[in-house]
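Working through the structure, step by step
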Amino acid sequence: MTLDVAWAIGWVRLSAQTVTEHRSELIELDRQIGDGDHGENLFRGFTAVTAKLDALETQPADIGEVLKLVATTLMSTVGGAAGPLYGTAYLRAAKATGLPELDSHGVVALLEAALEGIVARGKARTGEKTMVDAWAPAVEAAVAAADAGATPAAVLEAAAAAAGAGAEATVELIATKGRASYLGERSQHHMDPGARSTELILRAAAQAAE
Amino acid sequence: MSQGSEVRVALILVSHSRALAEGAAELAGQMAPGVRLLAAGGGDDGGLGTSFDAIESAVATATADGGSAVVLTDLGSAVLTAESVLELADADVASRVRLADAPFVEGAVAAAVTAHGGADLATVHASAEAAGDMFGAGPEPAAAAEVAQDGVVRATVTVRNPLGLHARPAAVLARMLAGYDAKVLVDGANGASVLALMKLGATEGHELRVEAEGPQAASAVEAFVEAVAGGFGEV
């Protein structure tokens, strides 16, 4: 079983949908420890990505092409730190997926490249209360699932569940990176909005593979 | 002299605020006339933020004719967005653009004055980054070891203008000294660095000690003494 270009497009459309549905929640999370624009920014970015997909005249040849479209659009429309961070994640993922289909290890390569992009751009590590705290366990779970012979859909399920647990675990962390780090201990007892949006986007990936 | 040389390296000033980017460009432009200063401030909607498109367009402008540029950024997403623009750019373009890890205003001023002298990309970049070392510290420690050698041309001159070596005269002196093939120290500080000169805090009546080494040491010292004694048109 493999995932194809239609999956990638479905993932993007479901990402737009979930970001729209959780727009207020992300705004509220970001208002507590940041500047309150994360929900609005992601909504604007993914809305723009959907519009570009709608306007495509020819079907993308491979998965990387879809992800590159997402990368460039998010970079120029999202603003804030999330634009370059997600943009770089999709860009590196695109470079790792210049293929018409992905097997389980291909999915792992996609997720690993995305995490590498975020770490390279944001220079954050786990435990700093950032989106890395959702991405890192997601990649770890994906590797374990693929090694155990899981299907691509099951690999994404495992990644999404781990991202959710990772996002939940950011609640008790004190931010040491990003805007929330200005708050120091006052950043505790709030979920990191970037970790939460990571979970939503990975759940969309899993849902598109069902 | 520096004034006649071709100015090749542009500066791209990326700030969350349009007003801050344009203000830094105005300030640096006054001290280094003719240097290409591209302000990329604010978000796409004109409010606070950083615009990928504005930075991309500034990079395209700066590199269009084979030119190069140093990018100065203020906070967080300005840095990330500038890095993203370069990651997406053609390798040829990206190789001619360098991000400076430098304080925004001081870095812009220092880099602009260095670019004005016709310095290459690496030198302008280094000048911006060295601006970060100017915070808080005393005179550069390396300076003390470089005096009292044979072949050093020395002179003293008293500051005459009431405001002393403030930004404008410091920029005039730094630009002028950068044009000579000589290493010039003023009270132990690098004479070709506008920030080092400003940091001396030399006010009216202060006696500046100038020392120069190199093929054009004598004419550099002579020009320096003449400029300071002339009061920079302020007396």
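Reading the values: rules and limits
Residues numbered from 1 in each chain as written. Chains lettered and ligands numbered in written order. Predicted model: local features only at pLDDT ≥ 70, side-chain atom pairs only at ≥ 80, totals over all residues. Heavy atoms only, no water. Helix = DSSP H or I, 4+ residues; strand = E, 2+ residues; numbered from the N terminus. Expected span 1.5 Å × (residues − 1). Buried < 20%, exposed > 50% of the residue type's maximum accessible area, 1.4 Å probe, protein only. Polar contact = N/O pair within 3.5 Å; in protein donor to acceptor, adjacent residues only side chain to side chain. Contact = heavy atoms within 4.5 Å. Buried area = accessible area lost by both parts, 1.4 Å probe. Salt bridge = Lys/Arg side-chain N within 4 Å of Asp/Glu carboxyl O. Nonpolar A, V, L, I, M, F, W, Y, C, P; charged D, E, K, R; others polar. Patch = residues over 30% accessible without salt bridge, like charges linked within 9 Å, V, L, I, M, F, W, Y side chains within 5 Å. Areas by Shrake-Rupley, 256 points an atom, 1.4 Å probe, with all protein chains shown as cover. Axes fitted to C-alpha atoms, helices over the stretch in contact; angles between N-to-C directions. Parallel < 35°, antiparallel > 145°, perpendicular 65-115°, else oblique. Left-handed = near helix turned anticlockwise from the far one by under 90°. 1 Å grid on protein atoms, 1.4 Å probe; cavity = no way out; pocket = protein on both sides within 12 Å on 5 of 7 lines; lining within 4 Å. Points joined across faces, edges and corners; volume = space filled by probe spheres on them. Pairing = 2+ DSSP bridges. pLDDT = per-residue confidence, 0-100.

Things to note about helix 9 (residues 193-209) of chain A
All names here are of chain A. For helix 9, with 17 residues, the first-to-last C-alpha span of 25 Å sits near the 24 Å given by 1.5 Å per residue. The element helix 9 is largely enclosed, with a buried count of 14 among its 17 residues. Where helix 9 begins, the side chain of Asp192 points an oxygen toward the backbone nitrogen of Gly194, at a separation of 3.1 Å.

Observations regarding the interface of chain B and chain A
With 11 residues of chain B in contact, the opposing surface of chain A contributes 16 residues. Interface area for chain B against chain A, summed over the two sides, is near 1100 Å², with a carbon-plus-sulfur share of 56%. Looking at the side of chain B facing chain A, the largest losses of area belong to B:Leu80, B:Glu87 and B:Leu88, adding up to 47% of the total buried there. Summed over the shared surface of chain B and chain A, the result is five salt bridges. Where chain B packs against chain A, one counts five residue pairs in polar contact (both at pLDDT 80 or more). Broken down by secondary-structure element, the contributors of at least two residues to the side of chain B that touches chain A are helix 2 (52-63) and helix 3 (76-88) of chain B. The leading source of residues in the side of chain B that touches chain A is helix 3 of chain B, at seven residues. Here the residues of the side of chain B that touches chain A sort into three nonpolar, four polar and four charged.

Side note on a nonpolar patch on the surface
A surface patch of nonpolar side chains, about 200 Å² in accessible area, is lined by B:Leu20, B:Leu27 and B:Val105. On the secondary structure map, B:Val105 appears in helix 5 (residues 104-116).

Concerning the packing of helix 5 (residues 82-95) of chain A against helix 3 of chain B
When two helices pack together, their arrangement is captured by the angle between the axes and the distance separating the axes. One can describe the packing of helix 5 of chain A onto helix 3 of chain B by two numbers: an axis separation of 9 Å at closest approach and a directional angle of 25°. The orientation of helix 5 of chain A with respect to helix 3 of chain B, classified from their angle, is roughly parallel. Read as a crossing pair, helix 5 of chain A and helix 3 of chain B show a hand that is left-handed. In contact with A:Pro84, A:Leu85, A:Thr88, A:Leu91, A:Arg92 and A:Lys95 of helix 5 of chain A, helix 3 of chain B contributes B:Ser77, B:Leu80, B:Thr81, B:Ser84, B:Glu87 and B:Leu88. In terms of residue class, the contact of helix 5 of chain A with helix 3 of chain B is made up of five nonpolar, four polar and three charged.

Section: empty space enclosed by the protein
Residue and element names in this part refer to chain A. Taken as a whole, this structure holds two cavities of 30 Å³ or more when the rule is applied. In this structure, the largest cavity encloses a volume near 60 Å³. Every residue lining the largest cavity is listed: Trp11, Tyr86, Ala89, Tyr90, Ala93, Leu110, Ala114, Trp135 and Ile201. Looking at the lining of the largest cavity, the elements with two or more residues in it are helix 5 and helix 6 (104-122). At four residues, helix 5 tops the list of elements feeding residues into the lining of the largest cavity.

Brief notes about the sheet that holds strand 1 (residues 9-15) of chain B
Residue and element names in this part refer to chain B. Read across the open sheet, the four strands follow the order 2-1-3-4; overall the sheet is parallel. The open sheet has two free edges, formed respectively by strand 2 (37-41) and strand 4 (97-99), since each of these has just one partner strand. Neighbour-to-neighbour, the strand axes of the sheet open up by a mean angle of 20°, direction not taken into account. Bridging between strand 3 (residues 68-73) and strand 4 involves three bridges; their strand directions are parallel. Its bridge partner being in strand 4, Val70 is matched across the sheet by Arg98. Against the sheet, helix 1 (residues 18-31) contacts strand 1 and strand 2, and its axis sits at roughly 165° relative to strand 2.

Considering the confidence of the model for chain B
Residue and element names in this part refer to chain B. The share of residues in chain B with pLDDT of 70 or more is 90%, and the mean pLDDT across the chain is 87. Confidence over residues 1-5 falls short of pLDDT 50; this stretch has 13 contacts with residues more than four positions distant or in other chains. In this model, residues 137-148 is a region of pLDDT below 50 whose contacts with residues beyond four sequence positions or in other chains number 13 contacts. The ipTM value of the predicted complex is 0.77, and its pTM value is 0.73.

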